[in-house]
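Listed here are the chains, written in short residue letters.
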2 protein chains.
Amino acid sequence: MTEFDLIDLFTRAAPRRGEGVLLGIGDDAAVLAPPRGEVLVATVDAVVEGVHFDARFTPEDVGWKALAVNLSDLAAMGARPLWALCALATPRGEDPRRLAGVGRGLAACARAFGVALVGGNVTRASDLSLTVTAVGAARAGAVVGRAGARPGDLLLVSGTLGDAALGLARGAAPALARRQRRPAPRVALGAALGPLASAGLDVSDGLVQDLGHLCRASGAGAIVRAADLPLSAAYRRATARRREPLEAALAGGEDYELLVAVRPRRVGAAREVAAKVGVALTPIGEIVAGSGVRVFLPSGAEYRPRRAGHDHLR
Amino acid sequence: MTEFDLIDLFTRAAPRRGEGVLLGIGDDAAVLAPPRGEVLVATVDAVVEGVHFDARFTPEDVGWKALAVNLSDLAAMGARPLWALCALATPRGEDPRRLAGVGRGLAACARAFGVALVGGNVTRASDLSLTVTAVGAARAGAVVGRAGARPGDLLLVSGTLGDAALGLARGAAPALARRQRRPAPRVALGAALGPLASAGLDVSDGLVQDLGHLCRASGAGAIVRAADLPLSAAYRRATARRREPLEAALAGGEDYELLVAVRPRRVGAAREVAAKVGVALTPIGEIVAGSGVRVFLPSGAEYRPRRAGHDHLR
């Protein structure tokens, strides 16, 4: 199988046309028309076999997740996704059917969120990996960064926390494993919250760690009421007998939920747009003057993290 | 060393600000203002240790080349470069000084060509690798694709061919090794040729193979006069005693020169802009009706490729 056969095999299923795509895959570079009156938002992320996925992931899971984690970053910024470029690295002798499956998973995620695959590259490497660059657009005034939160802002988080971390365990409930393998980026919610949030990010490294990033960038502190954390039924079942049942929700990674700071007068509107797109948006605390994140457990005691959060190099 | 330390170490030297950069590295995604009245051009490419570079490359060479090969793709499309996003993968225990060196090489290339590093990612993997996405801009009418060449167009190639392939050999002359390790993307020439070329690409997989791509995309054939291929003095010295002295110029990869098809009435203007940016632009043949690439050797015999060209998976 030559390089060109493999590129074709891998990209065959993906949507190649879409908004602004003037010239897609197949030339030296894609030619793209940026949407008028908007700014672009761009991010890059990689998934590597043995680091971000293992044999429990189907090939389709791998392809889906590689794009989904990038779309989550765009959603956190309040941008709607437009285009993706994907670099595939594959060991010699990898089963072409597996690579085609990875391509199908990527394509399914692209179709689900209206993304065109506009660039690809393939190379040999020791590990199977996908490195995806995603580009989206937003009105300049509706972009949500990490800086911008002010004391008094409420903190709201989408969906439920901790499921993906529990989904890593062998024998995890299917609902939890699915959150790990097929994360659903909050694309519609992110775009809807763009004009309403004062700051935000996606919870990829664990709530406490990511909230710490938001606080540092905003020059503020935060208080979280752990009793208010949104937990799924599967999460509650899986952690009912644990000594620290909230650990995964507070410090587990890969939730890909949105965490936003919202001025009190806009909280009603934020919860309304969330209801409209069908995603729960739960108040869990607030921004305070000072620095650092303080988490109060249901007992009233203060939470001390066992670890700081997810480190992609550990 | 944590993930955050490493990102800082790797990106410290790189220019982070530039045209259109509203929010750079450090948030979930970069926020970029596309230039008014232009289209965007985007491409992705990876360099992997053991595949694209080895121990003879300094860390700075690796970083330079990872960005340079992408800028060459933008130049081939007639675009000026604006922004790059870089995903670094590194084995556990890699020397941080080596990673800092790779970052400095990337930064040097970015500064040399006015590129801002707007996104980064770092992950563990078995091989050291860099995957770079580069984005540029051009007037819509000045974008150069592979399709668009017509019979009668002259074929012109920049610089000299075959040096980089010869530079792979142990004991290669420094001038040749440098072409392999520090390719100079034809950024200024590419942008200047944009309004003049009917089709073009960069010669990365070998002249004959890349010209074949251009011919297929354009629905035409081509004739090349091998006696006219531009060769460096170092190339002539290194191949003087070879039985097939033109093989590397015809089929060697990684030249990162521009190959353009130009209507006869525009050839004078094309050579003028090349002279203005200080790069040789040599006529080597022409586009003809039909299909396929025919190369006539100085002897008058027709060249038969020993191999089709560079395949990144071989």
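Small disclaimer: the values here were computed from a predicted structure and weren't measured.

Undergrad: Help me out: how do you make sense of the pairing of strand E7 (residues 154–158) of chain A in this one?
TA: Regular strands show a simple pattern: their side chains alternate between the two faces of the sheet. Residue and element names in this part refer to chain A. The element E7 is largely enclosed, with a buried count of 4 among its 5 residues. Bridge count for E7 against strand E10 (residues 257–262) is 4 bridges, and the pairing is antiparallel. By the bridge assignment, Val157 is partnered in E10 with Leu259. With 5 bridges connecting them, E7 and strand E11 (residues 281–288) associate as antiparallel partners. The partner of Val157 across the bridge, within E11, is Thr282.

Undergrad: How should the interface of chain A and chain B be read in this particular structure?
TA: In this assembly, 61 residues from chain A lie in contact with 61 residues from chain B. Taking both partners together, chain A and chain B bury about 4600 Å²; carbon and sulfur atoms supply 59% of that area. The tally of links between chain A and chain B comes to 4 salt bridges. In this structure, Asp27(B) and Arg146(A) form a salt bridge, with 3.6 Å as the shortest nitrogen-oxygen distance. Along the contact surface separating chain A from chain B lie 15 residue pairs in polar contact (both at pLDDT 80 or more). Among the elements that make up the side of chain A that touches chain B, the one with the highest residue count is strand E3 (residues 39–48) of chain A (9 residues). Each residue belonging to the side of chain A that touches chain B can be placed in one class, and the counts come to 31 nonpolar, 16 polar and 14 charged. Pairing of strand E2 (residues 30–32) of chain A with strand E3 (residues 39–48) of chain B involves 3 bridges; the strand directions are antiparallel. Bridge pairing links Leu32(A) to Leu40(B) in E3(B).

Undergrad: Mind showing me how you'd approach the relation of the copies chain A and chain B here?
TA: A rotation about an axis combined with a shift along that same axis relates the two copies of the chain. The transformation that overlays chain A on chain B combines an axial shift of 0.0 Å with a rotation of 180°, and the residual RMSD is 0.0 Å. The superposition of one copy onto the other is thereby described by a two-fold rotation axis. The overlap is high: 100% of the interface residues of chain A also sit at the interface in chain B, so the same surface is used on both sides.

Undergrad: Is there a simple way to think about the packing of aromatic side chains in this case?
TA: Aromatic rings in a pair are described by how distant their centres are and how their planes are angled relative to each other. Residue and element names in this part refer to chain A. In total, this model carries 4 aromatic pairs over all chains according to the counting rule given. A centroid spacing of 6.2 Å and a plane angle of 65° characterise the contact between Trp64 and Phe113, whose relative ring orientation is edge-to-face. With a gap of 49 residues between them, Trp64 in helix H2 (residues 59–76) and Phe113 in the loop between helix H3 (96–112) and strand E5 (116–124) connect regions that are remote in the sequence.

The rules behind each value
Residues numbered from 1 in each chain as written. Chains lettered and ligands numbered in written order. Predicted model: local features only at pLDDT ≥ 70, side-chain atom pairs only at ≥ 80, totals over all residues. Heavy atoms only, no water. Buried < 20%, exposed > 50% of the residue type's maximum accessible area, 1.4 Å probe, protein only. Helix = DSSP H or I, 4+ residues; strand = E, 2+ residues; numbered from the N terminus. Pairing = 2+ DSSP bridges. Contact = heavy atoms within 4.5 Å. Buried area = accessible area lost by both parts, 1.4 Å probe. Salt bridge = Lys/Arg side-chain N within 4 Å of Asp/Glu carboxyl O. Polar contact = N/O pair within 3.5 Å; in protein donor to acceptor, adjacent residues only side chain to side chain. Nonpolar A, V, L, I, M, F, W, Y, C, P; charged D, E, K, R; others polar. Least-squares fit on C-alpha atoms with pLDDT ≥ 70 in both. Phe/Tyr/Trp six-rings, centres within 6.5 Å; stacked < 30°, edge-to-face > 60°.

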